[in-house]
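Here is what each chain is made of, one letter per residue.
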Amino acid sequence: MNKKMALSIVGTLVIGIMGGVGLMMNDSAYSSVKVALGGQATQNAVGSINAQGMITTQFSNVDLETALMSIQSQRTELLDSQLKTQMETIQNRNNEIAKLNEILSKLKSNRPQKSGDSVTLDADLQKKLTENGVQVPSANKWTQADIDRASETLRGKIDSLNSSQQMDMLRMQSLTNKRNEAFDTMTNFIKKMADQRSSIIGNMR
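Residues numbered from 1 in each chain as written. Predicted model: local features only at pLDDT ≥ 70, side-chain atom pairs only at ≥ 80, totals over all residues. Heavy atoms only, no water.

Bringing the overall build of the protein into the picture now. Within the protein, the secondary structure is distributed over five helices and four strands. When the helices and strands of the protein are placed in sequence order, the string is α-α-β-β-α-β-α-β-α. Taking as baseline every contact in the protein between residues at least 6 positions apart, the subset at least 24 positions apart corresponds to 55%. Working note: accessible area of the protein is about 14,400 Å², and carbon and sulfur atoms make up 56% of it. (Helix = DSSP H or I, 4+ residues; strand = E, 2+ residues; numbered from the N terminus. Contact = heavy atoms within 4.5 Å. Areas by Shrake-Rupley, 256 points an atom, 1.4 Å probe, with all protein chains shown as cover.)

Counting residues in each nonpolar core, the largest one holds 15 residues, and the members touching the most others are Leu107, Leu121, Leu129, Val134, Trp142 and Leu154. Setting aside residues no more than four positions away along its own chain, Val134 makes contact with Leu129, Trp142, Ala150, Thr153 and Leu154. Of all hydrophobic cores here, the second largest spans six residues; its members include Leu79, Ile90, Met172 and Leu175. (Core = buried A, V, L, I, M, F, W, Y, C linked by side-chain atoms within 4.5 Å. Buried < 20%, exposed > 50% of the residue type's maximum accessible area, 1.4 Å probe, protein only.)

The next thing to look at is the pattern of salt bridges. Enumeration over the complete set of coordinates arrives at seven salt bridges. Its salt-bridge partner being Asp124, residue Lys128 comes within 3.4 Å of it at the nearest N-O pair. Remark: Asp124 and Lys128 occur in helix H4 (residues 123-131); sequence separation between them is four residues, near one turn of the helix. Exposure remark for Lys128: the relative accessible area of 28% places this residue in the partly exposed category. According to the relative accessible area criterion, Asp124 is partly exposed, its value standing at 43%. (Salt bridge = Lys/Arg side-chain N within 4 Å of Asp/Glu carboxyl O.)

Right, let's get into the environment of Leu100. As for its position among the elements, Leu100 is in helix H3 (residues 64-109). Under the relative-accessibility criterion, Leu100 is labelled buried at 1%. When the C-alpha atoms of Leu100 and Leu129 are compared, they prove to be 9.2 Å apart, with 29 residues separating the residues in sequence.

Along the chain, the position of Thr76 falls in helix H3. The class for Thr76 is buried, based on a relative accessible area of 4%.

Locating Asp168 in the fold gives a position in helix H5 (residues 144-204). In this view, Asp168 contacts Gln86, Thr89, Ile90 and Arg93; residues no more than four positions away in its chain are not counted.

Backbone geometry at Ala139 places phi at a positive 60°, although glycine is not the residue there. Assignment of secondary structure puts Ala139 in the loop between H4 and strand E4 (141-142). Look at Asn140: it is not a glycine, yet its phi comes out positive at around 55°. With respect to the helices and strands, the residue Asn140 is situated in the loop between H4 and E4.

Right, let's get into the confidence of the model for the protein. Confidence along the protein averages 74 in pLDDT terms, with 68% of residues attaining 70 or more. Predicted confidence in the protein is weakest over helix H2 (residues 27-36), with a mean pLDDT of 39, and strongest over strand E3 (residues 119-120), with 92. Here residues 1-51 is a poorly scored stretch, pLDDT under 50, and it has 42 contacts once near neighbours within four places are set aside; other chains count. (pLDDT = per-residue confidence, 0-100.)

We now examine H4. At the N-terminal boundary of H4, the capping side chain belongs to Asp122, with an oxygen 3.1 Å from the backbone nitrogen of Asp124. Gly133, located one to two residues past H4, shows a positive phi value of around 80°. (Polar contact = N/O pair within 3.5 Å; in protein donor to acceptor, adjacent residues only side chain to side chain.)

Structurally, Ala145 can be placed in helix H5. You can call Ala145 partly exposed: its relative accessible area is 38%. Between the alpha carbons of Ala145 and Ser115 there is a distance of 8.0 Å; along the sequence they are 30 residues apart.

In structure tokens form, the structure reads like this:
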């Protein structure tokens, strides 16, 4: 064997090795080669996506319909959870508004009849006023002006909560619409799969 033939053989081997490495680095080529050699193809995986577009679950060895159905079902469950949380937020805000209205009502009922008079509020009412940012006058002696200032502070907080409540209601309406849309999509998808299977079975008869 001369030197030229030896170099040719070495070059062929190097090219073959490089080509083999390239094939193994390519997933599709690797799968094809593995199947051709009697092996099994690599498993496909499909990720589920939540409402924010994040992958939450991996599915292996499942058909496309099952994967899509599972993703849509998880999206519906996620929206249900968000809707429940939003309803709890609205309920808590309603309770807070109701408590402030109760405090405001008690405060008004204790308002002195004459401008020069003053009243002493009970400890519980005084504590609730302090917790809500109302400044208690010295010696707990409340004049008409003190009661009016405290009432204005409470009304401001109630108005602020009502404004937030309106935004909460809009968000809940949006979540409700998205949840209904996701549920309708899932229902239509199930119906479509059932119709397709029925059509296939009917054609086989």
